[in-house]
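Coordinates in review
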Amino acid sequence: AIRAFLENRGYEIQDFGTHTKESCDYPDFAAAAAKAVADGQCQWGIVLCTTGIGVSICANKVPGIRCALCSDPVTAKLTRLHNDANMLSIGAGVTGEFLALDIVEKFLDTPFSEDERHKRRVGKIEAD
């Protein structure tokens, strides 16, 4: 559903898998997506697992990634405004399809605020 939503909005998609509902080692897929964002191959990344927790932890291990686990559109908006998050994590097993699409839309449609306090804080995140 997210892929179709993004394609309908004109986004070019790079899909790092998985393509089945079988159990898998999600760190392999989350790391590949995060590296593509960190390397500039992709502007944004969206990763999913049952809760969104595991993939967000994996993505955040990649230098330059600020992946936020969001469960509602408000947190998606605020992580873009305040944290300049470049990756979004969603718990596919705990978030319904329509809510997930609202979260993705808010994340992608919200620019970083460019406020000096937020720039300073993002700089400190990047420095660590």
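In case you missed it, the structure is sitting above this.
The paragraphs below set out a description of the structure included in this document. (Residues numbered from 1 in each chain as written. Predicted model: local features only at pLDDT ≥ 70, side-chain atom pairs only at ≥ 80, totals over all residues. Heavy atoms only, no water.)

**Looking at the layout of surface pockets**
Cut-off, in case you're wondering: Throughout, the protein atoms alone are placed on a 1 Å grid, and a set of points is a cavity if a 1.4 Å probe fits but cannot get out or a pocket if it is open with protein on both sides within 12 Å along at least five of seven lines; lining residues have an atom within 4 Å of a point. Grid points are joined across faces, edges and corners, and a volume is the space filled by probe spheres set on the points. In this text, helices come from DSSP runs of H or I with a minimum length of four residues, and strands from runs of E with a minimum of two, each type numbered from the N-terminal end.
Put simply, the largest pocket is a space of about 1400 Å³. Along its surface, the largest pocket is lined by 40 residues, and Ile2, Asp15, Ile46, Val47 and Leu48 are the ones closest to its centre. Contributing elements (two or more residues each) for the lining of the largest pocket: helix H1 (2-8), helix H2 (26-38), strand S1 (45-49) and helix H5 (97-109).

**Details of the side chain of His118**
This is how the line gets drawn: Contacts are residue-level and defined by heavy atoms, with any inter-residue pair within 4.5 Å sufficient.
Mapped onto the fold, His118 is located in helix H6 (residues 116-127). Setting aside its immediate chain neighbours within four residues, His118 contacts Leu81, His82, Phe112 and Ser113.

**Describing the environment of Glu114**
Applied cut-off: Counted as a polar contact is a pair of N or O atoms within 3.5 Å, where, for protein atoms, one must be capable of donating a hydrogen and the other of accepting one, and residues adjacent in sequence contribute only when both atoms are in side chains.
You can see Glu114 is positioned in the loop between H5 and H6. The sequence separation of Glu114 and Leu81 amounts to 33 residues, and the corresponding C-alpha distance is 7.9 Å. Within the local environment of Glu114, its side chain forms a polar contact with the side chain of Lys119, the two groups lying 3.4 Å apart.

**Quick word on the pairing of S1**
We count it as follows: Here the term buried applies to any residue with accessible area under 20% of the maximum for its type, exposed to any over 50%, and partly exposed to those in between, with areas from a 1.4 Å probe on protein chains only. The pairing criterion for strands is at least two bridges between them, as found by DSSP.
Burial along S1 is one-sided: Gly45, Val47 and Cys49 are buried, and none of Ile46 and Leu48, which face the opposite way, are. With 5 bridges joining them, S1 and strand S3 (residues 87-91) adopt parallel strand pairing. In the strand pairing of S3, Cys49 is matched with Gly91.

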